[in-house]
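So you can see what is in the structure, the chains are spelled out below.
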Amino acid sequence: MQEPWWKRSTIYQIYPKSFNDTTGSGMGDLQGVIEKLDYIKELGVDMVWLTPIYRSPQRDNGYDISDYYDIEPAYGTMEDVERLVQELHNRDMKLMMDIVINHTSTDHEWFQQAKTSKDNPYRDYYIWRDSSDGDAPNNWVSKFGGTAWALEEHTDQYYLHLFDKTQADLNWENNEVRNKLYEMMNFWAEKGLDGFRLDVINLVSKVQSFPHDESAADGQFGKAYYTDGPRIHEFMKEMNQAVFAPHNLITVGEMSSTSLAACQQYTSPDVNELDMTFNFQHLKVDYEKGKKWTDGKLDFIKLKQILSDWQIGMHQAGGWNALFWCNHDQPRIVSRFGDDDLYRRESAKMLATVMHMMQGTPYIYQGEEIGMTDPKFSSIEDYNDVETQNAYTELKELGLAESAVMQIIQRRSRDNARTPMQWSAAKNAGFSEGEPWLSVASNYKKINAEKEVKDKDSIFYHYQKLIRLRKEYAIITHGDYEPLCMDNERIFSYERRWNGEKLLVVANFFGESTEFTYPKKETEEAEILLSNYQDSAPDYSKIQLRPYEAVIYLIKL
Ligand code: TEU
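Since we're looking at a predicted model, the values are computed, not measured.

1. Details of the packing of aromatic side chains
Alright, step 1. Applying the stated criterion across every chain yields a total of 40 aromatic pairs.
Alright, step 2. Taken together, a centroid distance of 5.6 Å and an interplanar angle of 75° make the contact between tyrosine 54 and tryptophan 188 edge-to-face. Remark: tryptophan 188 occurs in helix α5 (residues 175-189) and tyrosine 54 occurs in strand β3 (residues 54-55); sequence separation between them is 134 residues.
Alright, step 3. With a relative accessible area of 0%, tyrosine 54 lands in the buried category.
Alright, step 4. Aromatic pair tryptophan 172 and phenylalanine 235: ring centres 5.6 Å apart, planes at 50°, arrangement tilted. Separated by 63 residues along the polypeptide, tryptophan 172 in the loop between β10 (167-169) and α5 and phenylalanine 235 in helix α6 (residues 232-247) bring together distant segments of the chain. There is no split in this pair, since tryptophan 172 and phenylalanine 235 are both buried.
Alright, step 5. Among the aromatic side chains, those forming a connected cluster through ring pairs are Tyr12, Phe19, Tyr39, Trp423, Phe460 and Tyr461.
Alright, step 6. Between the NZ or CZ atom of lysine 17 and the centre of the ring of tryptophan 437, over which it lies, the distance is 4.5 Å.

2. Comments concerning the site of the ligand
Alright, step 1. The immediate surroundings of the ligand are formed by 18 residues, with Asp60, Asp199, Asp329, Glu387 and Arg414 found nearest.
Alright, step 2. One of the side-chain nitrogen or oxygen atoms of aspartate 60 is found 2.5 Å away from an oxygen atom of the ligand.
Alright, step 3. Between arginine 414 and the ligand, the recorded distance is 2.8 Å, taken from a side-chain N or O atom to an oxygen atom.
Alright, step 4. Along the lines of polarity and charge, the residues of the shell around the ligand split into 4 nonpolar, 4 polar and 10 charged.
Alright, step 5. No fewer than three residues from each of domain 1 (5-104 + 174-199 + 227-466) and domain 2 (109-169) sit in the shell around the ligand.

3. Some details on α6
Alright, step 1. Relative to the 22 Å expected for 16 residues at 1.5 Å per residue, α6 spans 22 Å between its end C-alpha atoms, a close match to the ideal helical length.
Alright, step 2. Among the residues of α6, Ile232, His233, Phe235, Met236, Met239, Asn240, Val243 and Phe244 are the ones counted as buried.
Alright, step 3. Against the buried residues of α6 lie α5, β11 (195-198), β12 (250-254) and α7 (260-267).
Alright, step 4. Where α6 terminates, the next one or two residues include asparagine 248, which has phi positive at roughly 55°.

4. What about the nonpolar core?
Alright, step 1. With 139 residues, the main nonpolar core has Ile101, Phe196 and Trp325 as its most contacted residues.
Alright, step 2. In contact with tryptophan 325, not counting residues within four places along its chain, are His282, Leu283, Leu303, Leu307, Gln330, Ile333, Phe337, Leu351, Ala352, Val354, Met355 and Phe509.
Alright, step 3. Counting residues in hydrophobic clusters, the runner-up holds 15 residues, among them Ala148, Trp149, Val200 and Phe210.

5. Some details on the pattern of salt bridges
It is possible for side chains of opposite charge to pair when their charged atoms get near one another.
Alright, step 1. Tallied over the full model, the rule gives 42 salt bridges.
Alright, step 2. Put simply, lysine 206 and aspartate 169 hold a salt bridge, and the shortest N to O gap is 2.8 Å. Within this pair, whereas lysine 206 is found in the loop between β11 and α6, its partner aspartate 169 is found in strand β10, the two being separated by 37 residues in sequence.
Alright, step 3. The exposure class assigned to aspartate 169 is buried, which follows from its relative accessible area of 0%.
Alright, step 4. Arginine 231 serves as the salt-bridge partner of glutamate 173, at 2.7 Å between the closest nitrogen and oxygen. Here arginine 231 lies in the loop between β11 and α6 and glutamate 173 lies in the loop between β10 and α5, a separation of 58 residues in the sequence.

6. Re the domain arrangement of the protein chain
How big an interface is tends to be stated in terms of the accessible area lost upon association of its parts.
Alright, step 1. Each domain of the protein chain was delimited in the assignment, giving domain 1 (5-104 + 174-199 + 227-466), domain 2 (109-169) and domain 3 (478-556).
Alright, step 2. Of note, the centres of domain 1 and domain 3, computed from C-alpha atoms alone, are 29 Å apart.
Alright, step 3. Both faces considered, domain 1 and domain 3 share a buried interface measuring about 2,500 Å² in area, 73% of it formed by carbon and sulfur atoms.
Alright, step 4. At the junction of domain 1 with domain 3, the criterion picks out 9 residue pairs in polar contact (both at pLDDT 80 or more).
Alright, step 5. Counting residues per element, the ones that place at least two in the side of domain 1 that touches domain 3 are α8 (300-317), α10 (344-356) and α14 (459-472).
Alright, step 6. If one sorts the elements of the side of domain 1 that touches domain 3 by residue count, α8 sits on top with 10 residues.
Alright, step 7. Class assignment for the residues of the side of domain 1 that touches domain 3 results in 15 nonpolar, 9 polar and 6 charged.

Cut-offs used in this document
- Residues numbered from 1 in each chain as written.
- Predicted model: local features only at pLDDT ≥ 70, side-chain atom pairs only at ≥ 80, totals over all residues.
- Heavy atoms only, no water.
- Phe/Tyr/Trp six-rings, centres within 6.5 Å; stacked < 30°, edge-to-face > 60°.
- Helix = DSSP H or I, 4+ residues; strand = E, 2+ residues; numbered from the N terminus.
- Buried < 20%, exposed > 50% of the residue type's maximum accessible area, 1.4 Å probe, protein only.
- Lys NZ or Arg CZ within 6 Å of the ring centre and 35° of its normal.
- Near = heavy atom within 4 Å.
- Polar contact = N/O pair within 3.5 Å; in protein donor to acceptor, adjacent residues only side chain to side chain.
- Nonpolar A, V, L, I, M, F, W, Y, C, P; charged D, E, K, R; others polar.
- Domains from an automatic or database assignment.
- Expected span 1.5 Å × (residues − 1).
- Contact = heavy atoms within 4.5 Å.
- Core = buried A, V, L, I, M, F, W, Y, C linked by side-chain atoms within 4.5 Å.
- Salt bridge = Lys/Arg side-chain N within 4 Å of Asp/Glu carboxyl O.
- Buried area = accessible area lost by both parts, 1.4 Å probe.

Now the structure itself:
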């Protein structure tokens, strides 16, 4: 059976606010995206994921939607969206829109109506509860810090917000809410888009008793009562039938704090829920005691274990991973797990190789393909992100010194991914003629797309080759996965087998040379499909791996 096109594809994520500004507003815009489509096409990706562009007060940069049917004016108009769809399709690329349906902005008309009275027709679009002993209804906490409940004084009830207090959770138990959301998604599907990225979609089903959480070891009280909740699979199936199937849309669910078992079910081909899922377990292995706002260090063995468990588990279930290191919420991976100084090029290519040879659909976040790094701003004034600002306040209240707090902020802030795309060595890295909404990283003259595209040995062309390998070698799509050297503190190695072939990936994950010995007795003649060094050893039985050296071997069994 012909496998779905998206299993051999690569998807490019655009955060439009920071991508390309054509009006001098200091914010990127849709015309700016259109002007860079040939660059994206050159990379070789098949689809663009565009983060939210709907009307929004921008408290959470568009993940706080105030009108699903209108475009934030700073980005452009509905005609610009229609043109973007057309221009992508003209280039044989597709569009995935980001949709946020766990919550709306409190500026949304529905919430503005709901808050006016307890018997307003829209009241039950959101989740309201009375206070408990004069305090919040329960001890659930927001993912952005503090309580997950805000008091609406006029009607003297609290509403639930798992994120910022300006992001009120929708009540998915209300059939009318779900139907209004499906209607809206169909409106967008009829605009010609090809898929949806579904923001925190696994949080929409809450345990309706909203109990106190007596047991959250990680301090995220409430998480167990709304993550992969009681009706979630019912809702996913319903949404699939109402929206995805009728328009043949590709879907990826962002699954906050999910489990392998849940994602096996979400993406199992015969349950018709979602095509693939993002999970974040591999991006918490440098959190101290599972807490993000700490200065923990990479647990490399745990990283290998988690990625391998998901590869094996999803393969067994016939599920499908969204493969990624970076997105608009995560630090730049070359700063986080690689080397953003001496071995920036080698380590960026190594990280890409390790991820892209796995089973799943890879996602490349804007700037990852040119090795952009964290900006390491020195002052909290330089950071914009609401989660970062809240974390700064909480860390200072804990009594940490400013230098210790800023060390953590520099490592963890979501703004690390949101500095303007570095196009060239021109003013503001060619992003804008105006004052950028967020400062450009200071290394833009050294790291920019114009330089990368001129250099045939650049990170850009390494990504381009990885994307092409996926299209050329079916083993990358279909092969099984066997981890190798799991207890080795330096080497990430695995092999894929399918249809009489073996693909072997061997990567030195660190900056010191190390020796790899193939752990099985038989070694066959191998072809090097790609390496980040010019002269890697063709014999993989024993290899002296140089700093961050990563090699892909193909063996005909
Ligand atoms: O992210 C949800 C999510 O899990 C992350 O925000 C995570 O909780 C956070 O980065 C702390 O690690 C989605 C969007 O990607 C994010 O940009 C939004 O802020 C959030 O949902 C609310 O819509």
